[in-house]
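# Coordinates in review
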Amino acid sequence: VEFETRAIHAGQEPDPATGAVTTPIYQTSTFAQEAVGVHKGYDYARVANPTRTALEECLASLEGAAHGHAFSSGLGAATTIMHLLDPGARVVCVNDVYGGMYRMFSQVYEPKGYVFSYPTPEELSTAAAEQLDERTRLVWIETPTNPLLNVVDIAAVAAAARAVGALVVVDNTFATPYLQRPLELGADIVLHSTTKYLGGHSDVVGGFAATNDPTVADRLRFLQKSLGAVPGPFDAWLVLRGVKTLAVRMDRHCANARAVAAFLAEQERVTSVLYPGLPQHPGHELAARQMRDFGGMLSFTLESEEEAVDLVARTKVWTLAESLGGVESLIEHPARMTHASTATAPFAAPRTLVRLSVGIEAVDDLVADLEQALAATPARA
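Bear in mind the structure is a predicted one, so any value in this text is a computation, not a measurement.

### Here we look at unusual backbone geometry
Of all residues except glycine, most have a negative phi; of all peptide bonds, most are trans. Cis geometry is adopted by the peptide bond preceding Pro144, which originates at Thr143 and carries an omega value of -5°. Between Asn146 and Pro147 the backbone carries a cis peptide bond, its omega angle lying at 20°. By secondary structure assignment, the location of Pro147 is in the loop between strand 4 (136–142) and helix 6 (154–164). Positive phi is not limited to glycine here, since Leu149 has a value of about 55°. The backbone phi angle of Ser202 is positive, close to 55°, even though this residue is not glycine. Ser202 sits in the partly exposed class, given a relative accessible area of 46%.

### A few points about the sheet that holds strand 11 (residues 330–332)
Strands belonging to one sheet form pairs held by backbone hydrogen bonds; the direction of such a pair is parallel or antiparallel. Across the sheet, five strands lie side by side as 8-9-12-11-10; this open sheet has mixed pairing. Only two strands of the sheet have a single partner each, and these edge strands are strand 8 (272–274) and strand 10 (319–320). Contacts from helix 10 (residues 246–265) reach strand 8, strand 9 (297–301) and strand 12 (353–357), with the element oriented near 10° to strand 9.

### Section: empty space enclosed by the protein
Using the criterion set out here, one finds one cavity of 30 Å³ or more in the structure. Those elements that provide at least two residues to the lining of the largest cavity are strand 1 (67–71) and helix 9 (233–243). Here the lining of the largest cavity gets three residues from one element, more than from any other, and that element is helix 9.

### Some thoughts on helix 6
Taken residue by residue, helix 6 has Ile154, Val157, Ala158, Ala160, Ala161 and Val164 as its buried positions. With its buried residues spanning 165° around the axis, helix 6 presents them on a single face. The exposed set on the far side of helix 6, more than 90 degrees from its buried face, consists of Arg162 and Ala163. The inward-facing, buried residues of helix 6 abut helix 5 (121–131), strand 4, strand 5 (167–171) and helix 11 (284–290). With a side-chain oxygen lying 3.2 Å from the backbone nitrogen of Ala155, the N-terminal cap of helix 6 falls on Asp153.

### A word on the packing of aromatic side chains
Taken as a whole and assessed by the stated rule, the structure comprises ten aromatic pairs. Here Tyr102 and Phe347 contribute two aromatic rings whose centre-to-centre distance is 5.2 Å and whose plane-to-plane angle is 85°, an arrangement assigned as edge-to-face. Placement of Tyr102 in helix 4 (residues 99–109) and of Phe347 in the loop between strand 11 and strand 12 is noted, with a sequence separation of 245 residues between them. With respect to class, Tyr102 is no different from Phe347; both count as buried.

### Quick look at the side chain of Glu305
Mapped onto the elements, Glu305 comes out in helix 12 (residues 305–312). Apart from residues no more than four positions distant in its own chain, Glu305 is found in contact with His333, Arg336, Arg351 and Thr352.

### Thoughts on the nonpolar core
Taken as a class, soluble globular proteins show a tendency for nonpolar side chains to be buried jointly. Counting 114 residues, the largest nonpolar core has Trp140, Val260, Leu264, Leu298, Phe300 and Leu356 as its most contacted members. It is helix 10 that contributes the most residues to this core, nine residues altogether. Not counting residues within four places of it along the chain, the set of residues in contact with Leu264 comprises Val270, Val273, Leu298, Phe300, Leu356, Leu370 and Leu374.

### Observations regarding the sheet that holds strand 2 (residues 90–93)
The seven strands are arranged 1-7-6-5-4-2-3 in an open sheet whose pairing can be described as mixed. Sheet topology places strand 1 and strand 3 (115–117) at the edges, where each strand pairs with a single neighbour. With direction set aside, neighbouring strand axes in the sheet form an average angle of 20°. Relative to strand 6 (residues 189–193), strand 5 is paired through three bridges, and the arrangement is parallel. Counted as the bridge partner of Val169 is Ile189 from strand 6. Strand contacts of helix 3 (residues 74–82): strand 1, strand 2, strand 3, strand 4, strand 5, strand 6 and strand 7 (207–211), with the helix running at about 150° to strand 6, the strand carrying the most contacts.

So, how was this worked out
Sequence positions are assigned chain by chain, starting from 1 and proceeding in written order. Given that this is a predicted model, residues contribute local features only at a pLDDT of at least 70 and side-chain atom pairs are listed and counted only at 80 or more, while totals for whole chains, interfaces and linings are drawn from all residues. The side-chain values count all of the structure's non-hydrogen atoms but skip hydrogen atoms and water molecules. Starting at the N terminus, helices and strands are each numbered in turn, a helix being any DSSP run of H or I of at least four residues and a strand any DSSP run of E of at least two. Remark: exposure states derive from per-residue accessible area (1.4 Å probe, protein chains only) relative to the maximum for the residue type, with buried under 20%, exposed over 50%, and partly exposed in between. When DSSP finds two or more bridges between a pair of strands, those strands are recorded as paired. Two residues form a contact once any of their heavy atoms are found within 4.5 Å. Axis angles are defined between N-to-C directions and span 0 to 180 degrees, where every axis is a line fitted to C-alpha atoms and, for a helix, only to the segment in contact. Cavity: a set of points on a 1 Å grid over the protein atoms alone where a 1.4 Å probe fits but cannot get out. Pocket: an open set with protein on both sides within 12 Å along at least five of seven lines, its lining residues, like those of a cavity, having an atom within 4 Å of a point. Grid points are joined across faces, edges and corners, and a volume is the space filled by probe spheres set on the points. This arc is taken over the directions from the axis of the helix to the C-beta atoms. Here a polar contact means two N or O atoms within 3.5 Å. Within protein one must be a hydrogen donor candidate and the other an acceptor candidate, and residues neighboring in sequence count only if both atoms are side-chain atoms. Geometry of aromatic contacts follows a simple scheme: Phe, Tyr and Trp rings, the Trp one being its six-membered ring, pair when their centres are within 6.5 Å, and the pair is stacked under 30 degrees between planes, edge-to-face over 60, tilted otherwise. We define the nonpolar core as a collection of buried residues of types Ala, Val, Leu, Ile, Met, Phe, Trp, Tyr and Cys that are connected through side-chain atoms lying within 4.5 Å of one another.

Following this line, the structure appears as C-alpha cells:
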C-alpha cells in the first residue's frame with residue numbers, strides 16, 4: 001500500500017462501536033476495568049490512549065518503523081531519547097542544529113556530565129569515523145539542517161556509528177517521511193516535531209520518535225510512561241488529521257520553494273540562497289539521492305543584519321513568526337528568534353540570515369511579496 005493511502009488509513013480503521021470513519025477523540029483520563037487487571041488494553045491515559053495509538057501506528061507506518069511513540073512536543077521526544085544515555089556518555093551532534101536542541105544539550109545535559117562535540121555537516125558526511133570514538137553513545141543529526149539547509153549523509157553516519165556501537169538519531173522534521181526515511185538509510189531512531197509539517201496547520205504542538213530496534217522501543221515506551229511527556233488525545237487527533245494531507249501538501253511546499261529559491265537567486269540584494277534543490281547547493285546531489293524532493297524550507301542572506309531585520313518586518317503575505325511547516329508562509333530572523341540560544345556558540349546562526357517556511361499559497365503572491373519587501377528595505381549605507 002502506497003504512502004498516501006497509509007497516511008489516511010494506517011491505524012485508523014472505522015470505530016468498531018459506532019462505525020465512525022474518523023478516529024474518535026478519546027477524551028478520558030482513565031478506563032473502566034472488568035476486574036483487577038482485566039481491561040480492553042487501556043487502563044490509564046498517560047500509559048496509552050486509543051487516539052494516541054492510532055497516531056503512533058500511522059506515523060510508524062509512514063516512517064517504515066515497527067514501533068512509534070508520540071510525545072507532547074519535539075523537545076519532549078528529544079528529552080526522552082536522551083534518557084537512553086547515562087551521564088558521562090559522549091554525544092556527537094551536527095553543529096548546524098535547531099537552537100532548542102543546542103540549548104538543551106549545552107544548558108541542561110552538559111552540566112549533568114554529558115559530553116558533546118559538534119562537527120560540521122561536511123565532516124560527518126565525508127569523515128564520520130574520525131568524529132566518533134568508543135565513548136560515543138549517540139550521534140544526533142538533522143538533514144536538511146536548521147537553519148542553514150545543509151545535507152548530511154545518513155548512510156555514512158550510520159555506518160560509522162555502528163562501528164563504535166553508537167545509536168544514530170535523525171531529526172526528520174524538515175523532510176518528513178514523505179520526502180526521506182532515515183531508518184531505511186541505517187538510522188536507529190527518527191525524530192519529529194509533529195508541530196511542523198505532520199500537523200501542518202500551526203494549531204498543535206507535538207513530537208514523535210520511531211525505531212525498528214525492539215530493545216530501544218521497549219525502553220522508549222517505558223520512558224514515555226515514566227517521564228510523562230505524552231500528548232493529549234485532542235493533540236494526537238489534530239496531528240492525525242493533518243497527516244492525511246501530508247503528501248499533497250508537501251508536493252505544493254516543494255514546488256513553491258523551488259520557485260521562491262529561483263527568484264531569490266536572481267536578486268542583486270540577496271548574497272546567497274541556501275536550498276538543496278538548487279544545483280549550485282553543495283549538498284544537492286546527496287539530497288537528490290536520499291530525498292524524494294527538496295522540501296519547503298530555505299534560507300538566504302543579505303548584506304547586513306539591519307537589512308535582514310528590516311526585510312522580515314516588511315512582508316505582507318509572509319507572516320513574521322517562529323515555527324515552520326504550516327500551510328501559511330512564515331519568515332523569520334534566526335539569529336534573534338529561533339536560534340538566539342546559539343548566539344555565543346562558535347556556530348551561531350549568521351546575523352544576515354533570513355529563514356523561510358514556504359507555505360502552499362499561490363506562489364506568484366509569495367514571490368511578489370518578497371519582491372516588494374526587498375525593494376522597500378533600505379540598503380546598507
